[in-house]
Amino acid sequence: MEDLQFQLDMMRALNQQLDGKEKMYQLVFSTSKNAFIYIDFVLKSVQTLGHFNDFFDFSVNTLDDMKKFTDIIEENRKEDFRKILRLEETGEENLRREFFLPDNKRWVEFDATVMYDREKPVKKIIRIQDITKEKAQNEELRYMAYYDMLTGLYNRNYFASVLGEWLRSAAETKQTIAVLCVDIDNFKKINDGLGLVAGDEMIQQFGLFLKEFMDDQTIVAHVTDDTYYIAVRNAVGSHAPMEYFNKIQRRLQKPFKLVDGQEIFITVCVGVAEYPEAASNALELINCSEIVLFKAKSRGPNSIEHFETPIFEDFIHQVQVENKLKDAINLNQFVLYYQPQYDAKSKKMRGVEALIRWKDSETGKLISPGMFIPIAEESGMIEPIGTWVLEEGIRVYAKWRETYNFDMVLSLNISAIQYRHPDFVQRLLDILEKYNVNPKDIELEITESVLIDDFEGVIKKLQTLKEYGIKISLDDFGTGFSSLSYLKELPIDTLKIDKSFVDTVIQDQSAQVIMESIISMGKRLGYETVAEGVETSEQFEYLKNIDCDNIQGYLLGKPMPGDQIEVLLDSGVAGK
């Protein structure tokens with residue numbers, strides 16, 4: 001009897017233990033946000049647990065009821081779902097799949113696990129989880145990884161990835177692939193003039209237009225504020241680069257209309273590089289299109305340029321010069337040469353023009369400013385170079401003035417970028433004060449390019465400089481289309497007549513008419529005149545006879561180092 005009682009007590013204790021686990025499982029299922037299906041193959045029973053009713057509007061009580069799920073799954077995913085239902089038939093233990101439920105616009109994950117006893121399935125649990133939020137987040141991350149948020153076009157990375165796949169395929173099919181780098185001209189003016197919001201809207205509208213090119217042969221990306229890429233597979237016939245350029249040009253004949261009613265006309269430049277001629281991989285092909293874009297932009301608005309080897313070689317040379325230029329600034333490899341200017345009648349030295357030269361440390365040769373100044377302006381290195389010219393020129397001039405006690409002018413060339421710097425005027429005045437040089441001894445030479453971007457701002461600075469006594473000279477006069485219109489506004493003292501007129505003035509009667517008109521006009525307006533590039537006695541005599549005030553050129557003096565100028569000063573050619 002005691003043995004029987006012991007066995008009964010043991011069974012009662014086990015049942016209590018099972019009841020406790022059952023309660024624990026029920027608590028877990030009820031506190032979870034998921035739904036569960038518990039299948040007992042031995043008893044052939046099905047039980048739903050957790051939040052099943054929150055997911056589905058039907059009940060599942062038998063194995064046959066499991067087929068109801070296939071009615072709510074998308075047609076193209078039904079077979080995949082049947083694998084969940086029949087997992088135990090494969091002998092696998094686990095399978096997880098995601099499905100979209102069209103009726104309630106929900107993404108759910110089914111995670112099925114089968115337990116076996118001697119290779120026979122005995123139990124199966126299917127966990128059902130709502131993953132709609134995670135899916136949305138993943139889709140957003142995927143979108144951010146592949147697409148530009150402003151325009152909806154591909155971003156740079158995804159564009160390069162797809163282009164790389166195309167190139168690998170093209171290597172086998174011998175197809176041509178073109179990349180067009182499309183850049184909006186002067187986009188900064190739109191942002192500055194109309195505001196960033198209008199600029200963004202302009203970018204979006206142009207991007208929407210380019211998106212119309214997208215098909216199985218064409219992809220489009222937005223990569224910076226004003227730059228887009230277009231890649232074209234099998235770039236011939238209707239998909240030739242010029243066809244795309246012409247379509248763009250036709251669209252740009254009409255304005256883009258902004259939300260606030262403003263209408264904006266834009267122009268673009270395009271650089272084109274094609275596989276396999278220009279490059280063999282995606283990044284190199286993109287880079288080549290960007291390189292030739294710079295060439296297109298140098299030709300003016302609405303220009304297109306195709307990749308050619310000489311353009312690439314010029315670019316490489318420019319990069320090399322730019323890198324060496326950085327070292328030249330750090331190592332102070334620049335020197336100043338000075339070209340004298342003479343009074344045409346007395347032949348007394350009116351002054352000198354300071355001209356920068358770069359002494360190449362590798363070759364020891366002097367590099368012309370015509371080669372490195374444009375590169376310095378493009379790269380932003382003109383500011384430290386220009387500041388050095390100001391300081392070095394004024395320093396040397398102050399030394400000469402103290403030694404030789406002359407009466408002459410120091411002419412200094414100033415770039416447009418220097419003039420635009422907000423501290424330019426004060427910086428110049430500080431240098432003059434540092435070396436105790438009278439502002440009246442300094443003449444700043446400007447060209448029309450100085451006035452292009454900020455006419456009013458430059459005029460104010462020039463007026464301030466003139467108030468301090470600094471002279472202003474308009475260089476290369478007669479070569480620009482607008483020189484005459486500027487004369488009314490500019491506070492200038494001197495007109496420098498461009499060498500191109502001097503070169504032909506003896507043989508060309510038209511050049512003589514222009515030359516005499518400039519000098520006559522200059523005198524009536526109260527300006528001094530300086531003729532550049534005078535190389536022959538005939539030119540000199542002609543210019544003197546028509547009352548040109550000053551002469552500058554190889555006839556009377558080439559650009560020379562400072563010590564040679566000192567020899568001239570010592571001879572007394574400068575006025576006292």
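This text goes with the structure placed above it.
Overview of the structure. (Residues numbered from 1 in each chain as written. Predicted model: local features only at pLDDT ≥ 70, side-chain atom pairs only at ≥ 80, totals over all residues. Heavy atoms only, no water.)

Examining the overall build of the protein chain
Here is step 1 of the chain: For the protein chain, the count of helices and strands is 22 helices and 22 strands.
Here is step 2 of the chain: Every one of the 576 residues in the protein chain was classed for burial, and the buried ones make up 45%.
Here is step 3 of the chain: Here the analysis covers contacts within the protein chain between residues at least 6 apart in sequence; of these, 61% occur between residues at least 24 apart. (Helix = DSSP H or I, 4+ residues; strand = E, 2+ residues; numbered from the N terminus. Buried < 20%, exposed > 50% of the residue type's maximum accessible area, 1.4 Å probe, protein only. Contact = heavy atoms within 4.5 Å.)

Describing the sheet that holds strand S5 (residues 120-130)
Here is step 1 of the chain: If you trace the five strands from one edge of the open sheet to the other, you get S2-S1-S5-S4-S3, paired in antiparallel fashion. Both edges of this open sheet fall to strand S2 (45-50) and strand S3 (94-101), since each of them pairs with a single strand only. Across the sheet, the axes of successive neighbouring strands diverge by a mean angle of 20°, strand direction being ignored.
Here is step 2 of the chain: For strand S1 (residues 35-40) and S2, the ladder comprises six bridges, and the chain directions are antiparallel. Within S2, the residue paired with Tyr38 across the bridge is Gln47.
Here is step 3 of the chain: Here helix H3 (residues 78-85) sits on the sheet in contact with S3, strand S4 (106-117) and S5, set at roughly 140° to S3. (Pairing = 2+ DSSP bridges. Axes fitted to C-alpha atoms, helices over the stretch in contact; angles between N-to-C directions.)

Description of the packing of helix H8 (residues 196-211) against helix H9 (residues 241-252)
Here is step 1 of the chain: The N-to-C vectors of H8 and H9 enclose an angle of 135°; their axes lie 11 Å apart at closest approach. In this view, H8 runs oblique relative to H9, as classed from their interaxial angle. As for the relative orientation of H8 and H9, their crossing is right-handed in sense. Where H8 approaches H9, its residues Phe206, Phe209 and Leu210 are matched on the opposing element by Lys247, Ile248, Arg251 and Leu252. (Parallel < 35°, antiparallel > 145°, perpendicular 65-115°, else oblique. Left-handed = near helix turned anticlockwise from the far one by under 90°.)

Quick look at the packing of helix H6 (residues 156-173) against helix H10 (residues 282-298)
Here is step 1 of the chain: Orientation of H6 relative to H10, taken along the N-to-C sense of each, is 115°, at an axis distance of 8 Å. One finds that H6 runs roughly perpendicular with respect to H10. Seen from H6, the contacting residues are Arg156, Phe159, Ala160, Leu163, Gly164 and Leu167; seen from H10, they are Ala282, Leu283, Leu285, Ile286 and Glu290.
Here is step 2 of the chain: The residue makeup of the contact of H6 with H10, split by class, is eight nonpolar, one polar and two charged. (Nonpolar A, V, L, I, M, F, W, Y, C, P; charged D, E, K, R; others polar.)

What to know about the packing of aromatic side chains
Here is step 1 of the chain: Per the stated rule, a full pass over the model turns up 29 aromatic pairs.
Here is step 2 of the chain: Their ring planes at 75° and their centres at 5.9 Å tell us that Phe99 and Phe110 sit as a pair that is edge-to-face. Remark: Phe110 occurs in strand S4 and Phe99 occurs in strand S3; sequence separation between them is 11 residues.
Here is step 3 of the chain: When the centroid spacing of 5.4 Å and the interplanar angle of 70° are considered together, the rings of Tyr397 and Phe406 count as edge-to-face. Take Tyr397 and Phe406: they sit in the same class, and that class is buried.
Here is step 4 of the chain: Taken together, Phe52, Phe55, Phe56, Phe58, Phe69, Phe81, Phe99 and Phe110 form an aromatic cluster joined through their ring pairs.
Here is step 5 of the chain: Lying over the aromatic face of Phe256, Arg251 brings its terminal NZ or CZ to 3.9 Å of the ring centre. (Phe/Tyr/Trp six-rings, centres within 6.5 Å; stacked < 30°, edge-to-face > 60°. Lys NZ or Arg CZ within 6 Å of the ring centre and 35° of its normal.)

Overview of the pairing of strand S18 (residues 471-477)
Here is step 1 of the chain: Of all seven residues in S18, five are buried; the element is thus mostly enclosed.
Here is step 2 of the chain: Where strand S17 (residues 442-446) meets S18, four bridges bridge the pair, whose relative direction is parallel. By the bridge assignment, Leu444 is partnered in S18 with Ile472.
Here is step 3 of the chain: Of the pairings in the sheet, the one linking S18 to strand S19 (residues 494-497) comprises three bridges and is parallel in character. Looking across to S19, one finds that Ser473 is bridged to Thr494.

Structural notes on the environment of Leu325
Here is step 1 of the chain: One can find Leu325 in helix H11 (residues 309-331).
Here is step 2 of the chain: For Leu325, a relative accessible area of 0% translates into the label buried.
Here is step 3 of the chain: Those residues in contact with Leu325, other than ones at most four positions away along the chain, are Phe334, Trp358, Phe372, Ala376, Met381 and Ile385.

What about the environment of Ser361?
Here is step 1 of the chain: For Ser361, the location among the structural elements is in the loop between strand S14 (349-359) and strand S15 (366-367).
Here is step 2 of the chain: Ser361 gets classed as exposed once you look at its relative accessible area, which sits at 56%.
Here is step 3 of the chain: Residues Ser361 and Asp327, spaced 34 residues apart in sequence, show a C-alpha to C-alpha distance of 9.7 Å.

So, the environment of Glu277
Here is step 1 of the chain: Relative to the assigned elements, Glu277 resides in the loop between strand S11 (268-275) and H10.
Here is step 2 of the chain: Residue classification places Glu277 among the exposed positions, given a relative accessible area of 57%.
Here is step 3 of the chain: Measuring from C-alpha to C-alpha, the distance between Glu277 and Ile177 comes to 9.7 Å, with 100 residues separating the pair along the chain.

A word on the side chain of Asn191
Here is step 1 of the chain: Take Asn191: it is sitting in helix H7 (residues 187-194).
Here is step 2 of the chain: Judged by relative accessible area, Asn191 falls into the buried class, the value being 16%.
Here is step 3 of the chain: In this structure Asn191 touches Leu196 and Gly199, once residues within four positions along its chain are discounted.

A few points about the nonpolar core
Here is step 1 of the chain: Among the nonpolar cores identified, the biggest contains 80 residues, and Trp400, Leu412, Leu444, Leu465 and Met515 are the most heavily contacted of them.
Here is step 2 of the chain: Per element, the largest residue contribution to this core is 11 residues, and it comes from helix H13 (residues 382-404).
Here is step 3 of the chain: Beyond its immediate sequence surroundings of up to four residues, Met515 is in contact with Ile497, Phe501, Val502, Val505, Tyr542, Leu543 and Ile546.
Here is step 4 of the chain: Judged by nonpolar contacts, the second largest core, of 31 residues, contains Leu153, Ala178, Phe209 and Ile248. (Core = buried A, V, L, I, M, F, W, Y, C linked by side-chain atoms within 4.5 Å.)

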